Amino acid sequence: MVKYNIFHNLRFSLGLLKEDRFQSFYVYSLLHIVLGVLCPLLLAVFPSYVVGAMAEGGDLGTEIGRLVLFIAGILFLHMADTYAVRTYEQILFLFRNKQGERLMKKAMEIPFHLCESMEGQRQFEKARRAVYEGNQNGLEIFLKQFTEICVNLLGMLAYGIVIGAANPLFILMLLGFTLLAVFAGKLTGRKDCLVQEELGGEYTRLQYMYQAVLDQKSAKDIRIYQAQKWLLEEFASIREKTLKLQNKSAGYYLLFDNLERILSFVRDIVVYGGFIFLMYRGRMSIEQFLLNIGIAAGFNVWIMGVFGNIKELARNNTIVGHFKDYLSYGEGQTCGAENAPNPKTPHTLTMEHVSFQYPEAEKACIHDLNLTVNSGEKLALVGINGAGKSTVIKLLLGLYEPAEGRILLDGTDIRRIDKESYFREFAVAFQEVFAFAASIADNVTGVPNAGQDGAKLKEKLTMAGLWEFTQKQPRKERTSVTKALDPEGIHLSGGEMQKLMLARTLYKDAPVVILDEPTAALDPIAEHELYQKYSLLTQGKTSVFISHRLSSTRFCDRILFLENGKVVETGTHEELMSRKGKYANMYEIQAKYYRKEEQDYV
């Protein structure tokens, strides 16, 4: 992480305020800065004013009227200050929530390989604290503390002028104590910054544990394999380390608080003693003494406020810095600006001498790969697990960038093509079947209600064999998938989920269709039937199929057998079987397995 000082992050935060049109924050915060100092100042002046009025011996009714007006004026200003505070706090709350939207947008826009990496997930988790840990952490409290430190500094200045009128030496003493406290606060902030870095990592681990426990997919394994004890021990270990780090952070600030109190005690003895000495020598009247005592006491409040502001600014400066880092995370990655050539028509995809290696891996998983998917062709990629099939798909989709070589769409290097324009040409059913906790219609169309084509939605659900099922639901196509956000939602079976993915693929109506083992959880017969349906519905499109069950790829125009990231065999099913090579051997092994399985059932 780049280390930013408070002024860098302040400029960054205020820039976001301006960019998102929350400039009214300046109006109300400025009003609070002025009134936040003026109201206490008038209250500090009030005792001296009363004593002076009594000493003058004027008309009692007139003096009481003045006092009532004075108090009423203070009350009105205090009410105005309260309104300003509540308003700018509400503005900051809305601003923080807006930054949550910015964070989500960034998370969906960073290059896929960064999103997928552990480092990318750590970066997100640290940035998340700036907007999703309440109003006492991150951007909201950071900007609030900026306003409050302005109030406290202005209060120190105003009160310092009043005290300085008695003797400028008092100002020097007060400033000396203040500088000592600021220096101590800076040291504390540096120490705590390192602790906050460690805490960020522990919060990431803790968040993962929460997700693992609450995930419905892992709940079965936890119970069957009785992993509760292990998980609880992991929780305890993480929380113990988190608690130690929090106590360490609290220890730094406890030391700072004690130093602050010692400095305040010494300061009060010196300043109050000086006032008493001046009054004793006749160089200060009783009215001036009361005024200066009130001002000195108030000055102590301002100084303590500044100390508190410095501590909070230093603590949240690290969190805001993580947020700033994440917003620039992944910048500098290659991204083209051209539109995809020949949009909405079947494309030819070409890989020329492509190699790829995962960041954590010791060696490349794709080696000098040359591959062409012709326009309108149905191509199958087969091979054992780990052969590189899914990696090839992610490279063709532009989710990964090759370490060497290039990938072409109709002869154009895809690095020159804008990502959004490129993605519009693909409809993909991935191996990891995924549905949002939203309506069936939302899951199929992927657009807001206003942009959904009802007739097209019905057509694609019908083609996928899901329309009749949908119409039997209480809210039809508006029925929620899963109960995660809607108690009236439904859980889809494996086959129904596959049909939903088919409808989603059909609705996009892209010229290139890619199926990356989306039927891995189905039995061979159900998988074969679904692939046959995909085959019929992808006529006139460029199609790439991945399946570990070789019988499902017989309808393809061409089959590529991958091994260790290279194409070792290519041809039709009949051609590959006649060669009696790796494909034929793998096919025969699978066929024997299925024949044995049939005999067992008989």
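Right above here is the structure, for reference.
Residues numbered from 1 in each chain as written. Predicted model: local features only at pLDDT ≥ 70, side-chain atom pairs only at ≥ 80, totals over all residues. Heavy atoms only, no water.

We now examine the overall build of the protein chain. Looking only at helices and strands, one finds 19 helices and 10 strands in the protein chain. For the protein chain, the C-alpha radius of gyration of 35 Å lies well beyond 25 Å, the compact-globule estimate for 602 residues. Taken along its principal axes, the extent of the C-alpha atoms in the protein chain is 120 × 55 × 50 Å. The burial tally for the protein chain puts 45% of its 602 residues in the buried class. Carbon and sulfur atoms make up 60% of the accessible area of the protein chain, which amounts to about 31500 Å² in all. Each charge class in the protein chain can be summarised by its mean position, and for the 68 positive and 68 negative side chains these summaries are 2 Å apart. (Helix = DSSP H or I, 4+ residues; strand = E, 2+ residues; numbered from the N terminus. Rg over C-alpha atoms; globule rule 2.2 N^0.38 Å. Buried < 20%, exposed > 50% of the residue type's maximum accessible area, 1.4 Å probe, protein only. Areas by Shrake-Rupley, 256 points an atom, 1.4 Å probe, with all protein chains shown as cover. Lys, Arg positive; Asp, Glu negative; His and termini not counted. Charge placed at Lys NZ, Arg CZ, Asp CG, Glu CD.)

This part covers the packing of helix H5 (residues 118–132) against helix H10 (residues 286–327). Closest axis-to-axis distance for the H5/H10 pair is 8 Å, and the angle between their directions is 130°. Compared by their axis directions, H5 and H10 come out oblique. Two packed elements cross with a definite hand, and for H5 against H10 that hand is left-handed. In this structure, H5 contributes Gly-120, Gln-123, Phe-124, Lys-126, Ala-127, Arg-129, Ala-130 and Val-131 to the contact, and H10 contributes Ile-319, His-322, Phe-323, Asp-325 and Tyr-326. Across the contact of H5 with H10, the residue classes tally to 7 nonpolar, 3 polar and 3 charged. (Axes fitted to C-alpha atoms, helices over the stretch in contact; angles between N-to-C directions. Parallel < 35°, antiparallel > 145°, perpendicular 65-115°, else oblique. Left-handed = near helix turned anticlockwise from the far one by under 90°. Contact = heavy atoms within 4.5 Å. Nonpolar A, V, L, I, M, F, W, Y, C, P; charged D, E, K, R; others polar.)

A full pass over the atoms with the stated rule returns 25 salt bridges. Between Lys-394 and Glu-116 there is a salt bridge, with the nearest N and O atoms lying 3.6 Å from each other. With Lys-394 in helix H11 (residues 389–396) and Glu-116 in helix H4 (residues 112–116), the pair connects residues that are 278 residues apart, well separated along the chain. With a closest N to O distance of 2.8 Å, Glu-352 and Arg-406 form a salt bridge. In this pair, Glu-352 is assigned in strand E1 (residues 349–356) and Arg-406 in strand E4 (residues 404–409), connecting sequence segments 54 residues apart. Its relative accessible area of 27% is what places Glu-352 among the partly exposed residues. Arg-406 gets classed as partly exposed once you look at its relative accessible area, which sits at 35%. (Salt bridge = Lys/Arg side-chain N within 4 Å of Asp/Glu carboxyl O.)

Structurally, Thr-350 is set in strand E1. In this structure, Thr-350 is in contact with Leu-371, Thr-372, Arg-406, Ile-407 and Leu-408, ignoring residues within four places of it in sequence.

Now for the sheet that holds strand E2 (residues 366–373). Here 4 strands make up an open sheet; going across it, the order is E2-E1-E4-E5 and the pairing antiparallel. Taken across any chain shown, the strands that pair with only one partner, and hence form the sheet edges, are E2 and strand E5 (412–413). Sheet analysis places E1 next to E4, joined by 5 bridges and oriented antiparallel. Residue Thr-350 lies in a different strand from E4, and its bridge partner there is Leu-408. Taken strand by strand, H11 contacts E1, E2 and E4, and its axis lies near 120° from that of E1. (Pairing = 2+ DSSP bridges.)

Here we take up helix H1 (residues 6–19). An ideal rise of 1.5 Å per residue puts 20 Å on 14 residues; H1 measures up with 20 Å between its terminal C-alpha atoms. Among the residues of H1, those classed as buried are Asn-9, Leu-10, Phe-12, Ser-13, Leu-14, Leu-16 and Leu-17. For H1, the capping residue at the N-terminal end is Asn-5, with a side-chain oxygen 3.0 Å from the backbone nitrogen of Phe-7. Once H1 finishes, Arg-21 follows within two positions and takes phi at roughly 60°, a positive value. (Expected span 1.5 Å × (residues − 1). Polar contact = N/O pair within 3.5 Å; in protein donor to acceptor, adjacent residues only side chain to side chain.)

Moving on to a nonpolar patch on the surface. Judged by side-chain polarity, Ile-262, Phe-265, Val-266, Ile-269 and Val-270 come together as a nonpolar surface patch covering roughly 460 Å² of accessible area. One can find Ile-262 in helix H9 (residues 228–280). The class for Ile-262 is exposed, based on a relative accessible area of 53%. (Patch = residues over 30% accessible without salt bridge, like charges linked within 9 Å, V, L, I, M, F, W, Y side chains within 5 Å.)

In this section: the sheet that holds strand E8 (residues 542–546). The mixed open sheet is built from 6 strands, whose spatial order is E6-E7-E8-E3-E9-E10. Looking along the sheet, the strands with just one partner apiece sit at the ends: strand E6 (426–429) and strand E10 (566–571). Adjacent strand axes in the sheet meet at a mean angle of 20° when their direction is disregarded. Sheet analysis places strand E3 (residues 378–382) next to strand E9 (residues 558–563), joined by 4 bridges and oriented parallel. Note that in E9 the partner of Val-382 across the bridge is Phe-561. Across the sheet, helix H16 (residues 494–508) is in contact with E6 and strand E7 (512–516); its angle to E6 comes to roughly 175°.

This paragraph deals with the environment of Asp-368. Here Asp-368 lies in strand E2. Separated by 221 residues in sequence, Asp-368 and Ile-589 place their C-alpha atoms 29 Å apart. Contacts of Asp-368, omitting those with residues within four sequence positions, involve His-353, Val-354 and Ser-355. One polar contact links Asp-368 to His-353, side chain to side chain, over a distance of 2.9 Å.

So, on to unusual backbone geometry. Positive phi is not limited to glycine here, since Asp-509 has a value of about 55°. Note that Asp-509 resides in the loop between H16 and E7. Here the phi dihedral of Lys-580 falls at roughly 55°; this positive angle occurs in a residue that is not glycine. Inspection of the secondary structure assignment puts Lys-580 in the loop between helix H18 (573–579) and helix H19 (582–601).

Geometric descriptors of this kind do not, in isolation, establish any biological role.
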